[in-house]
Amino acid sequence: MNMERRLTEVGVFIPVGNGGWVTSTNGPDLPGTYEYNRAVTVLAEELGFDFALSMAKWRGYGGPSKHWDITLESLTTMAGLAEATKRIGIWGTVHMMIFPPAVIAKMVATLDQISHGRVGLNLVSGSNPHDLGQMGLWRDLDHAGRYALAEEWIKVVKRLWTEERVDHKGEFFELTDCMSNPKPTVLPPVICAGASDRGFQFTIDNCNGSFFPASDDPAAIARGRRAKELAAKAGKPEFKSYGLFTLIPGATDAEAQERLDYFDAGVDRVALATQSSEYASDKSAKQNFAAQYFIDQGEKVSSVLGGAMTGSAETLARRVAKTIIEGQLDGITIIVPDFIGDLRIVGQQIVPMMTEFGVETNVSVHSRPLADA
Ligand SMILES: Cc1cc2nc3c(=O)[nH]c(=O)nc-3n(C[C@H](O)[C@H](O)[C@H](O)COP(=O)(O)O)c2cc1C
């Protein structure tokens, strides 16, 4: 095995939607409340994680599990979590299509003060017409049009973060002598979850890193390498790639598989069918990576995201480390079924064990005794 040493960032994709990422009536009872997400984020900080990231989601998928029928708004959640923590990165997600750039520029500058420079931003171009359309905020743009908006949006935001006065007349936004103060004390890391080639290109041109689903499946590993290759071609070797992992740990490989089998036995086909049909209704569904991902997922009828890994702590440490090394990942973002018990296993067993397989993190450097351990 390639024993190259690399320092990998570790984050948690906090469950701001009820049920987390198990679409099943047999899933863990995650409430999607601020209180629960605060407990998860405080735990992640104690475990030594580098960042906590929340998604942006506005409408659930119903079904017997009422999947994601409750979701917290991302940036206000991160404002609270910034007060509740001291060190961990606090990253929120924004749909560029629905927020004027000047509003988000100021909200993020405010979050920079609240968090003392720990805020980060995950940009999404929008891919579910129902999610945003229910609020009258879906713009009838195709995939290319959404990224044209995104290009203009992020350029305006960056100017507002660095220039005293901004005049801008573009295709989507108009600003007249716009002043935005305070400025962020540090420019926030900006990542984007666009995983199509167009999405990657936008991300490389405008962001610090790319965020995409990861697993040890060869196609997923190739996706990670592709992000780095495109970045290298663009002369951006510092560009980071963050893989999103779903980990289902168990005392043994067999027990972990039994957990997944139990979740799958209660899979919420109604919620998954709604999710697929909503994404399929995008006129650019073919170019839209997220749409294809969820449409495929609907056909496979699994309670967890494609590429989810089951196993003992050692198995998962080995598989995640292999994915990081072969996929050249700079960071990992973790989804687990239970964000308290399972997250402890990730932070106290899986991540430390990854050292044996050639992956270094700062988790052991930053971890501190758990408050209630
Ligand atoms: C790992 C990952 C996380 C995402 N998170 C969100 C999210 O929080 N909210 C959202 O509406 N879309 C989310 N998306 C969808 C994408 O941001 C994007 O809208 C979609 O992938 C279309 O762009 P693409 O075709 O370039 O991938 C996510 C996608 C991926 C791959």
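What counts and what doesn't
Residues numbered from 1 in each chain as written. Predicted model: local features only at pLDDT ≥ 70, side-chain atom pairs only at ≥ 80, totals over all residues. Heavy atoms only, no water. Helix = DSSP H or I, 4+ residues; strand = E, 2+ residues; numbered from the N terminus. Expected span 1.5 Å × (residues − 1). Bend = angle between axes of the 7 residues up to and from the residue. Buried < 20%, exposed > 50% of the residue type's maximum accessible area, 1.4 Å probe, protein only. Near = heavy atom within 4 Å. Polar contact = N/O pair within 3.5 Å; in protein donor to acceptor, adjacent residues only side chain to side chain. Nonpolar A, V, L, I, M, F, W, Y, C, P; charged D, E, K, R; others polar. Contact = heavy atoms within 4.5 Å.

S.K.: What should I look at first to understand helix H12 (residues 341-353) in this one?
M.R.: Residue pairs spaced three or four apart in an α-helix point in one direction, given the helix's 3.6 residues per turn. Along its 13 residues, H12 runs 17 Å from first to last C-alpha, staying within 8% of the 18 Å computed at 1.5 Å per residue. The axis of H12 is deflected most strongly, by about 35°, at Gly347. All buried positions along H12 are accounted for by Asp342, Leu343, Val346, Gly347, Ile350 and Val351.

S.K.: Looking at this structure, I do not really get the site of the ligand. What am I missing?
M.R.: Near the ligand there are 23 residues, and of these His95, His143, Tyr147, Ala195 and Ser196 occur at the shortest range. Backbone polar atom of Ala56 to a nitrogen atom of the ligand: 2.8 Å apart, as the coordinates give it. Counting only elements with at least two residues in the shell around the ligand, the list comes to strand E3 (89-95), helix H5 (143-162), strand E8 (209-213) and helix H10 (289-300). Examining the composition of the shell around the ligand, we find that 3 residues originate from one element, E8, more than from any other. Its residues placed into classes, the shell around the ligand shows 12 nonpolar, 11 polar and no charged.

S.K.: Sorry if this is basic, but what is going on with the environment of Gly80 here?
M.R.: Note on placement: Gly80 falls in helix H2 (residues 74-84). Between the C-alpha atoms of Gly80 and Tyr34, which are 46 residues apart in sequence, the distance is 8.5 Å.

S.K.: Looking at this structure, I do not really get unusual backbone geometry. What am I missing?
M.R.: The general pattern is negative phi for most residues beyond glycine and trans for most peptide bonds. In this chain, Asn181 is followed by Pro182 through a cis amide linkage whose omega measures 10°. Within the secondary structure, Pro182 sits in the loop between strand E6 (174-178) and strand E7 (190-192). If you check the backbone angles, Trp68 has positive phi at about 60° while not being a glycine. Inspection of the secondary structure puts Trp68 in the loop between strand E2 (51-54) and H2.

S.K.: Help me understand the environment of Leu316, please; the structure alone is not making it clear to me.
M.R.: Residue position: Leu316 is located in helix H11 (residues 313-327). A relative accessible area of 0% places Leu316 in the buried class. With 31 residues separating them along the chain, Leu316 and Gly347 place their C-alpha atoms 12 Å apart. Every residue in contact with Leu316, bar those within four places of it in the chain, is listed here: Leu247, Ile248, Pro249, Met309, Thr310, Gly311 and Ile350.

Interpretation in functional terms is not warranted from these geometric data alone.
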